[in-house]
Amino acid sequence: LTSFIMGPCGLVYCLGSNTGIGKSTALELAKRGGRVILACRNKDKGEAAAFDIRKESGNNQVVFMQLDLANLKSVCSFAETFLNTEPRLDILVNNAGVIGPGCTEDGFGLAFGVNHLGHFLLTNLLLERLRQCGPSRVLTVSALLHCFGNIDFHLLASQKDVVPSQSTWHNFQGYCNSKLCNVLFTRELASRLEGTEVTCYTLHPGKCLHLLLLL
C-alpha cells in the first residue's frame, strides 16, 4: 500500500493499501478528512478498497491509482502522472510488502525489488514535491525482522538480489534483508533531509495477522 493525503488534512499517498495494514491506515487517514490516494498493483482490488473506505469514512476524496512496484517503469510512469495531476503531497506511506520466490520485471529478487527498490525510487521521484509541501513526512513500514537482516553488496552486484537462492529459507531471509534496507534507507534519507521540512520515519507495525503469513 502506498497512500497519500490531500485536502483539509493534506494529501496522503498510501502504497499497498487494498488489504491489511495498508487499508486500515488509509481508512484512518480518510476519516481525518484528507485526500487519500491508494496506489495498488491490482486495479479491481484497489478500486474495491477505495469504495469501501469512501463508504466507511464518509470521505469521497479517496481514489485509486495503479502502481506496480515490481516494475520500475511503472514506478516512473506513476510518479509522472501523479506530479502532473496532484498539486500536493503531505504524507507518503510506503507500506507494500511481499515475501516469496520470483523476480521483478527488472530482474531483481522479488522481495528486494518490491519492498525496497520500488519504494526507494518512488520516494526519490516525489521528494521535490514533498519539499514544496513541507512540513511533510515519509513513513516506511519495516518490521522487527529487520534485526535478522544483512546486506551482501558483492552478492547484490552479481545476482541483483540480497540472497543467493530462492529456497524457502532464503525467501524468508530475503524478506528480512529487505526490511533492513527500509531502515537503512530511512536513516540515510533523514540525515540528508536534516534541516528541511521533510521528516522521515520507519516503524515496526506490531503483531498482526497478515496475508503474508498465510502464504
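Since this is a predicted model, take the numbers as computed values, not measurements.

A. Representation of the overall build of the protein chain in the model. On a plain count of helices and strands, the protein chain comes out with 6 helices and 7 strands. Secondary structure elements of the protein chain occur, N-terminal to C-terminal, as β-β-α-β-α-β-α-β-α-β-α-α-β. Out of the 215 residues belonging to the protein chain, those deemed buried represent 48%. Taking as baseline every contact in the protein chain between residues at least 6 positions apart, the subset at least 24 positions apart corresponds to 71%. Counting every atom, the protein chain has about 10,600 Å² of accessible surface; 55% of that belongs to carbon and sulfur.

B. Examining the packing of helix α1 (residues 20-31) against helix α2 (residues 43-57) more closely. For the pair α1 and α2, interaxial distance at closest approach is 9 Å and the crossing angle is 40 degrees. Taken together, the axes of α1 and α2 are oblique relative to one another. In this structure, the crossing between α1 and α2 has a hand that is right-handed. Together, K23, A26, L27, A30 and K31 of α1 and A49, D52, I53, E56 and S57 of α2 make up the contact between the two elements. Looking at side-chain class alone, the contact of α1 with α2 contains 5 nonpolar, 1 polar and 4 charged residues.

C. Helix α4 (residues 110-132), seen in detail. Taking 1.5 Å per residue, 23 residues should reach 33 Å; α4 reaches 33 Å between its end C-alpha atoms and fits that length. Along its length, α4 shows its largest kink, about 45 degrees, at L126.

D. Representation of the environment of G174. Checked against the element boundaries, G174 lands in helix α6 (residues 168-192). Along the backbone, G174 and G149 are 25 residues apart, and their C-alpha atoms lie at a distance of 7.9 Å.

E. α1, seen in detail. Look at α1: 17 Å from first C-alpha to last across 12 residues, which is about the 16 Å you get at 1.5 Å a residue. If you check which residues of α1 are buried, you get G22, A26, L27, L29 and A30. Taken down its axis, α1 places every buried residue within 165 degrees of arc, on the same side.

F. Seen up close, the packing of aromatic side chains. The tally for this structure, following the rule as stated, stands at 4 aromatic pairs. Ring geometry for F78 versus F82: centroids 6.3 Å apart, planes at 15 degrees, classification stacked. Note that F78 and F82 are positioned in helix α3 (residues 72-85) at a spacing of 4 residues, about one turn of the helix. With respect to burial, F78 and F82 carry one shared label: buried. If you follow K160 out to its NZ or CZ, it ends over the ring of F108, 4.5 Å from the centre.

G. The arrangement of the pattern of salt bridges in detail. Going through the model one piece at a time under the given rule, you end up with 5 salt bridges. Between K31 and E28 there is a salt bridge whose closest N-O contact spans 3.7 Å. You can see K31 and its partner E28 sitting in helix α1, 3 residues apart, about one turn around the helix. A salt bridge links R88 to D90, with the shortest nitrogen-to-oxygen separation between them at 2.5 Å. Accessibility expressed as a relative area gives 8% for D90, which makes it buried.

H. Region of the structure containing unusual backbone geometry. The residue after G134, namely P135, is reached through a cis peptide bond having omega 5 degrees. Relative to the helices and strands, P135 is located in the loop between α4 and β6 (136-141). The backbone of K160 shows a phi angle near 60 degrees, a positive value even though the residue is not glycine. Examined against the element boundaries, K160 turns out to sit in the loop between α5 (153-159) and α6.

I. View of the packing of α4 against α6. Closest axis-to-axis distance for the α4/α6 pair is 7 Å, and the angle between their directions is 20 degrees. It follows that α4 is roughly parallel to α6 by the angle criterion. Along this stretch, α4 crosses α6, giving a crossing that reads as right-handed. For the pair α4 and α6, contact is made by A111, F112, N115, H116, F120, T123, N124 and L127 and by G174, Y175, S178, K179, C181, N182, F185 and L189, respectively. Looking at side-chain class alone, the contact of α4 with α6 contains 8 nonpolar, 7 polar and 1 charged residues.

Rules and cut-offs
Residues numbered from 1 in each chain as written. Predicted model: local features only at pLDDT ≥ 70, side-chain atom pairs only at ≥ 80, totals over all residues. Heavy atoms only, no water. Helix = DSSP H or I, 4+ residues; strand = E, 2+ residues; numbered from the N terminus. Buried < 20%, exposed > 50% of the residue type's maximum accessible area, 1.4 Å probe, protein only. Contact = heavy atoms within 4.5 Å. Areas by Shrake-Rupley, 256 points an atom, 1.4 Å probe, with all protein chains shown as cover. Axes fitted to C-alpha atoms, helices over the stretch in contact; angles between N-to-C directions. Parallel < 35°, antiparallel > 145°, perpendicular 65-115°, else oblique. Left-handed = near helix turned anticlockwise from the far one by under 90°. Nonpolar A, V, L, I, M, F, W, Y, C, P; charged D, E, K, R; others polar. Expected span 1.5 Å × (residues − 1). Bend = angle between axes of the 7 residues up to and from the residue. Arc of directions from axis to C-beta. Phe/Tyr/Trp six-rings, centres within 6.5 Å; stacked < 30°, edge-to-face > 60°. Lys NZ or Arg CZ within 6 Å of the ring centre and 35° of its normal. Salt bridge = Lys/Arg side-chain N within 4 Å of Asp/Glu carboxyl O.

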